[in-house]
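# Notes for the structure review
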Amino acid sequence: MKIAICGKGGCGKSTTTTLLGKELARMGQNVLVIDSDESNFGLHRQLGVELPRDFTEYFGGKDRAFKTMMTSGILEQMKLSAFAKKFFSEDWTLSDIPEEYYEKKDGVMLMSSGKIHQANEGCACTMNSIIQQFIMHLQLREMETAILDMEAGIEHFGRGTDNSMDIILMIIDPTYESMQLAGKIGELARSIEKPILYILNKVTEDSRELMEGAVEDKNQIAAVIPQNKEILEAGMFGKELLIREREIRKLAVRLMGYGQMK
Ligand SMILES: Nc1ncnc2c1ncn2[C@@H]1O[C@H](COP(=O)(O)OP(=O)(O)OP(=O)(O)O)[C@@H](O)[C@H]1O
Ligand SMILES: [Mg+2]
């Protein structure tokens, strides 16, 4: 199953990705987490691994990959490896991913499309296009799950990345912006006929009712994660997230059931 995790900046996308990835791995799934956020450097730390090498490097770096994608005819003339050529046109599986491009711990693999490392090195379009191709051609077997930690906002819907996903999880935190975005993301998911579930995050007694009100169909609220001191501290110091959340377990079970029905 391919799961997209989205929401506004700072709502808890990477935190949820990590907790869910670890929980699914405990349940025996082979999990691939894809970091598609070019600006953040926190997800690998939450997962307790090193930052993987930018996958864009596999295509010779951003510049070269950009040219490849803009002018598909040029592909044949380029000295790309067999897999890099195949990547743009054929389906492939988890075991095809070259091992220099992922980090793995406790059943969770992490890949990163690429980060912006210095000024003037170009926009993130190339990395986004690579991720889009990657997820589109990725064939998952039984007991394999891919979780895509999206960049903040809704541009990924515009780009069409979500078209290849099986389900969309939107994280809502206790802010006006987040609650407004819930409606918009719900609409976008419906327009591409994708199921959507919501996760209420950083919930306090005072905010719970208001946050629940942001989701029209309460059955779509798949987890309610409280404001948690351990998560906050791990975030502050860039530590691995080792806590287990009952609500995440519930979410993982629901997703596995959904995956079997598919
Ligand atoms: N339930 C929670 N309780 C307390 N703190 C939380 C909780 N969830 C997330 N946080 C904290 O909120 C901050 C943002 O979380 P996270 O990095 O997961 O968000 P994000 O949506 O991935 O952000 P970005 O848009 O920057 O990628 C982090 O410092 C994290 O530790
Ligand atoms: Mg993040």
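Up top you'll find the structure we're talking about.
Residues numbered from 1 in each chain as written. Chains lettered and ligands numbered in written order. Predicted model: local features only at pLDDT ≥ 70, side-chain atom pairs only at ≥ 80, totals over all residues. Heavy atoms only, no water.

As a further point, take the nonpolar core. Counting 40 residues, the largest nonpolar core has L32, F55, I97, F134, M170, I172 and L200 as the members making the most contacts within it. With 6 residues, the single largest contributor to this core is helix α7 (residues 176-191). Not counting residues within four places of it along the chain, the set of residues in contact with L32 comprises L94, I97, M109, M111, F134, L138, T145, A146 and I147. Within the second largest apolar cluster, 33 residues are counted, among which are I147, L169, I171 and L197. (Core = buried A, V, L, I, M, F, W, Y, C linked by side-chain atoms within 4.5 Å. Buried < 20%, exposed > 50% of the residue type's maximum accessible area, 1.4 Å probe, protein only. Helix = DSSP H or I, 4+ residues; strand = E, 2+ residues; numbered from the N terminus. Contact = heavy atoms within 4.5 Å.)

A surface patch of nonpolar side chains, amounting to about 360 Å² of accessible area, comprises L232, M236 and F237. Mapped onto the elements of the fold, L232 is located in helix α9 (residues 229-237). (Patch = residues over 30% accessible without salt bridge, like charges linked within 9 Å, V, L, I, M, F, W, Y side chains within 5 Å. Areas by Shrake-Rupley, 256 points an atom, 1.4 Å probe, with all protein chains shown as cover. Salt bridge = Lys/Arg side-chain N within 4 Å of Asp/Glu carboxyl O.)

What follows concerns the sheet that holds strand β1 (residues 2-6). As summarised here, the arrangement of the 8 strands in space is β3-β4-β2-β5-β1-β6-β7-β8, forming an open sheet in which the pairing is mixed. Either end of the sheet is taken by a strand with one partner, and the two such strands are β3 (103-105) and β8 (221-226). Averaged over all neighbouring strand pairs, the angle between strand axes comes to 20 degrees, with direction disregarded. Bridge count for strand β2 (residues 30-35) against strand β4 (residues 108-112) is 5 bridges, and the pairing is parallel. (Pairing = 2+ DSSP bridges. Axes fitted to C-alpha atoms, helices over the stretch in contact; angles between N-to-C directions.)

To continue, consider α9. The N-cap of α9, judged by a side-chain oxygen 2.7 Å from the amide nitrogen of E230 a few residues on, is N228. Positioned one or two residues after α9, G238 has a phi angle of 65 degrees, which is positive. (Polar contact = N/O pair within 3.5 Å; in protein donor to acceptor, adjacent residues only side chain to side chain.)

Bringing unusual backbone geometry into the picture now. At D106, a position not held by glycine, the phi torsion is positive, near 45 degrees. For K202, which is not glycine, the phi dihedral falls at a positive 60 degrees. If you trace the backbone, K202 turns up in strand β7 (residues 196-203).

Turning to its location among the elements, M1 is positioned in the segment before β1. With 258 residues separating them in the primary sequence, M1 and G259 have C-alpha atoms 5.9 Å apart. Once residues within four sequence positions are removed from consideration, M1 is found in contact with L140, E144, T145, A146, D166, I167, L255, M256, Y258 and G259.

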